[in-house]
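An overview of the molecular structure
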Amino acid sequence: MRRPAHRPRTPRPHRADPTCRTRAHRPHAHRPHPARRLGAAALVAGLLATLSWSSPVGADPAPPGLPEAIDAILADPRLDGATAGVVVADADSGAVRYTHRPEERLVPASNAKLTTSAAALELLGPDHRFRTEVLAHGPRRGAVLAGDLYLRGTGDPTLLAADYRALAARVARAGITRVTGHLVADDTRFDRARMGRGWAADDESAYYAAPISALTVAPDTDYDAGSVITHTTPGAREGDRPRVRTVPHSRYPRVVNLASTVAAGQPRTLAVERAHGGDTLTVSGAIPLDGRPGKEWVSVWDPTVHAATVFAEALAAEGVRVDGATRAGRPTPADAEPVATHHSMPLSKLLRPFLKLSNNTHAEVLTKAIGHERAGSGSWGAGLAAIEGYLRAEGLETTRLRQVDGSGLSRMNALTAGQLARLLTAVRDAPWYPLWRAALPVACDPDRLIGGTLRSRMCDTPAARNARAKTGSLTGASALTGYVTDRAGRELAYSVVLNHHLAPSVKDIEDAIVVTLAASDDRETTRAPRGAPATDRARDQSGALECAWRKPLTC
């Protein structure tokens, strides 16, 4: 399939660089001086009288009071000792309206998915589809294949057990009922590095940190590839083992049930864990007789073996017998004959679960797919080099950033609010921009595939169903980058990156800035009241992880 050629681009001189300072830079101030916590009227009047502007030539002035209003929001005590990078720019012209430490390199968390997704659209193309094939190698003697059957993947993170059943059914329809050799899982499109650089060891069994492979199976239509869902229900009587089943159901991974059913009303202590480097899920603890069924997502150790096992069992169910073993990691011979093929949804459609639900696996698969497409190597190194080249063509100063994975799960990533804002304005002339913009979560839209990770935030404010942005959160790192329309009808691009805070969540600080932008116009700016942008449900959530990663929590 032909891919669109990379559009050669140079930085756009007619657009103001979002890293330009629109006010006197205070190099040692991580946050506004405590004196700015005085009354709002005195604050605005005093600062307007003394403020020194250095807007770029031709830039529209910021609305009266906008810098002061954002400064006051950043004066929140939860940011004492923390670092904040904030940039606000006119989305069309790039004219800067506000900056605070725009060049400070910070951990972007899932805001790194903005660079990965934009590069994927440019370098792979919106029509890119992943292909999964079944191929036969060896002579056919009637219904018998005297050789090996190969399952070859290219990284599709959307394959479900039903898709493997459909492939198995096509093998049977092709007239093959017996394979004398082996079933071989070919995952060689990607390298053998399964875990991203700098990923936390205690995240290993978490589904959002699933190992990356060119062959996977997803347990759900969020497409959480490389993981299984465990469903646990109480036993019939006190003392019985709970009933445990996995989705997709297969012999891999192995499940060891050590849990017990306890009397009604007793505490629930049920846990599902996978030890480091192991392929056994251990269910332990207690579930009361009257307890609700448990549901937990857990990563598998070897996603290739998992997918191959699901396919092998599907073949058996279709009456196709494989005499040999299931093997993984061997390339398909060049003279193998295609038997069945499955194509994924196009990237233009995959963008929605990827960005709306902040799916880490999708980001890493796309990074390795970019590497294979551009350099013939399905590795993080090749993919990230291509992403960096794309960002450089878009005018970002890549010598001043570091990206070590596609998802932002690593704390080694370092981006600035200025660079993220620059990306938002630079991509607006790309032919795929409407698809990318539409895939960003929308504030307070309850539909999971529209509101995504913002669906419970900024409700009952001018930003509701107006602001759209990529969220990001790790312990001590939070970010929000996107677009919002102000009261004058102009679209603003913004990036808020907050690091080193000790509070469990600073999401309402991000929201207050965006609501303030939505409420602003040329005449005046009204600062959003503290706490108003976030619903109680959203404020009560821990900021340690994306809400969407904390399944089955309803965000």
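Look up: the structure comes first, before these words.
Residues numbered from 1 in each chain as written. Predicted model: local features only at pLDDT ≥ 70, side-chain atom pairs only at ≥ 80, totals over all residues. Heavy atoms only, no water.

Points about the packing of aromatic side chains
- Enumeration over the complete set of coordinates arrives at 6 aromatic pairs.
- When the centroid spacing of 5.9 Å and the interplanar angle of 80° are considered together, the rings of Y207 and Y208 count as edge-to-face.
- Using a relative accessible area of 8% as the deciding quantity, one classes Y207 as buried.
- An aromatic cluster is defined as three or more aromatic residues linked by ring pairs; in this entry it consists of Y207, Y208 and W297.
- Over the face of the ring belonging to W380 we find K368, whose NZ or CZ atom lies 4.1 Å from the ring centre. (Phe/Tyr/Trp six-rings, centres within 6.5 Å; stacked < 30°, edge-to-face > 60°. Buried < 20%, exposed > 50% of the residue type's maximum accessible area, 1.4 Å probe, protein only. Lys NZ or Arg CZ within 6 Å of the ring centre and 35° of its normal.)

Things to note about the pairing of strand 21 (residues 477-485)
- Counted residue by residue, strand 21 has 8 buried out of 9 residues, so it is predominantly covered.
- Sheet topology note: the strand 20 (residues 468-474)/strand 21 ladder contains 7 bridges and is antiparallel. Across the sheet, residue R468 finds its bridge partner in strand 21, namely Y483.
- Here strand 20 folds back onto strand 21, and the loop between the two strands holds 2 residues, one of which, G476, carries a positive phi near 75°. (Helix = DSSP H or I, 4+ residues; strand = E, 2+ residues; numbered from the N terminus. Pairing = 2+ DSSP bridges.)

Considering helix 6 (residues 347-356)
- For helix 6, the tally of buried residues reaches 7 of 10 residues, placing the bulk of the element in the interior.
- Taken residue by residue, helix 6 has L347, L350, L351, P353, F354, L355 and K356 as its buried positions.
- Residues of helix 6 that are buried in the fold lie against helix 3 (112-123), helix 7 (360-375), helix 10 (433-438), helix 11 (448-451) and strand 20.
- Of the residues flanking the end of helix 6, it is S358, one or two places downstream, whose phi is positive at about 55°. (Contact = heavy atoms within 4.5 Å.)

Concerning the sheet that holds strand 13 (residues 271-274)
- Across the sheet, which stays open at both edges, the 3 strands sit in the order 11-14-13 with mixed pairing between neighbours. Each edge of the open sheet carries a strand with a single partner, namely strand 11 (254-257) and strand 13. Going from strand to strand, the sheet's axes swing by 20° on average, the running direction of each strand aside. (Axes fitted to C-alpha atoms, helices over the stretch in contact; angles between N-to-C directions.)

Let's talk about the state of the cysteines
- Applying the stated criterion across every chain yields a total of 1 disulfide.
- Sulfur-sulfur distance for the disulfide between C444 and C459 comes to 2.0 Å. Disulfide C444-C459: torsion about the S-S bond near 110°, hence right-handed. Here C459 lies in the loop between helix 11 and strand 20 and C444 lies in the loop between helix 10 and helix 11, a separation of 15 residues in the sequence.
- Under the relative-accessibility criterion, C444 is labelled buried at 16%.
- Looking at C459, the relative accessible area reads 15%, which means it is buried. (Disulfide = S-S within 2.5 Å.)

So, helix 5 (residues 303-317)
- Its 15 residues place the ends of helix 5 21 Å apart at the C-alpha level, agreeing with the 21 Å of an ideal helix rising 1.5 Å per residue.
- For helix 5, the buried fraction is high: 11 of the 15 residues fall into the buried class.
- Buried residues of helix 5: P303, T304, H306, A307, A308, T309, V310, F311, A312, A314 and L315, and no others.
- With a side-chain oxygen positioned 3.1 Å from the backbone nitrogen of T304, the residue opening helix 5 is D302.
- Downstream of helix 5 by one or two residues, G319 has phi in the positive range, about 85°. (Expected span 1.5 Å × (residues − 1). Polar contact = N/O pair within 3.5 Å; in protein donor to acceptor, adjacent residues only side chain to side chain.)

A word on the environment of R197
- Mapped onto the fold, R197 is located in the loop between strand 8 (183-186) and strand 9 (227-233).
- Each C-alpha atom, one on R197 and one on S410, is 6.7 Å from the other, the two residues being 213 residues apart in sequence.
- What R197 contacts, discounting residues up to four positions off in sequence, is V404, S410 and M412.

A look at the packing of helix 3 against helix 8 (residues 380-393)
- Helix 8 packs onto helix 3 with a crossing angle of 85° between their chain directions and a minimal axis gap of 9 Å. Judged by the angle between their axes, helix 3 and helix 8 are roughly perpendicular. Seen from helix 3, the contacting residues are T115, T116, A118, A119, E122 and L123; seen from helix 8, they are A386, I387, Y390 and L391.
- The residue inventory of the contact of helix 3 with helix 8, partitioned by class, reads 7 nonpolar, 2 polar and 1 charged. (Parallel < 35°, antiparallel > 145°, perpendicular 65-115°, else oblique. Nonpolar A, V, L, I, M, F, W, Y, C, P; charged D, E, K, R; others polar.)

A short note on the pattern of salt bridges
- The tally for this structure, following the rule as stated, stands at 26 salt bridges.
- D302 is paired through a salt bridge with R194; the nearest N and O atoms lie 3.6 Å apart. Remark: R194 occurs in the loop between strand 8 and strand 9 and D302 occurs in the loop between strand 16 (294-299) and helix 5; sequence separation between them is 108 residues.
- With a relative accessible area of 18%, D302 lands in the buried category.
- The exposure class of R194 is buried, given its relative accessible area of 14%.
- The salt bridge involving E510 is made with R457; its shortest N-O contact spans 2.9 Å. Pair noted here: E510 is in helix 12 (residues 507-519) and R457 is in the loop between helix 11 and strand 20, with a separation of 53 residues, a long-range link. Pair check on accessibility: E510 and R457 agree, each one buried.
- Bridged by salt links that share partners, the residues D92, R428, R437 and E491 form one connected network. (Salt bridge = Lys/Arg side-chain N within 4 Å of Asp/Glu carboxyl O.)

Brief notes about the packing of helix 7 against helix 8
- Packing of helix 7 against helix 8 leaves a shortest axis separation of 7 Å and a crossing angle of 80°. Judged on the interaxial angle alone, helix 8 and helix 7 are roughly perpendicular. Between helix 7 and helix 8, the residues in contact are E364, T367, K368, I370, G371, R374 and A375 and W380, A382, G383, L384, A386 and I387, respectively.
- Residue composition of the contact of helix 7 with helix 8, by class: 7 nonpolar, 3 polar and 3 charged.

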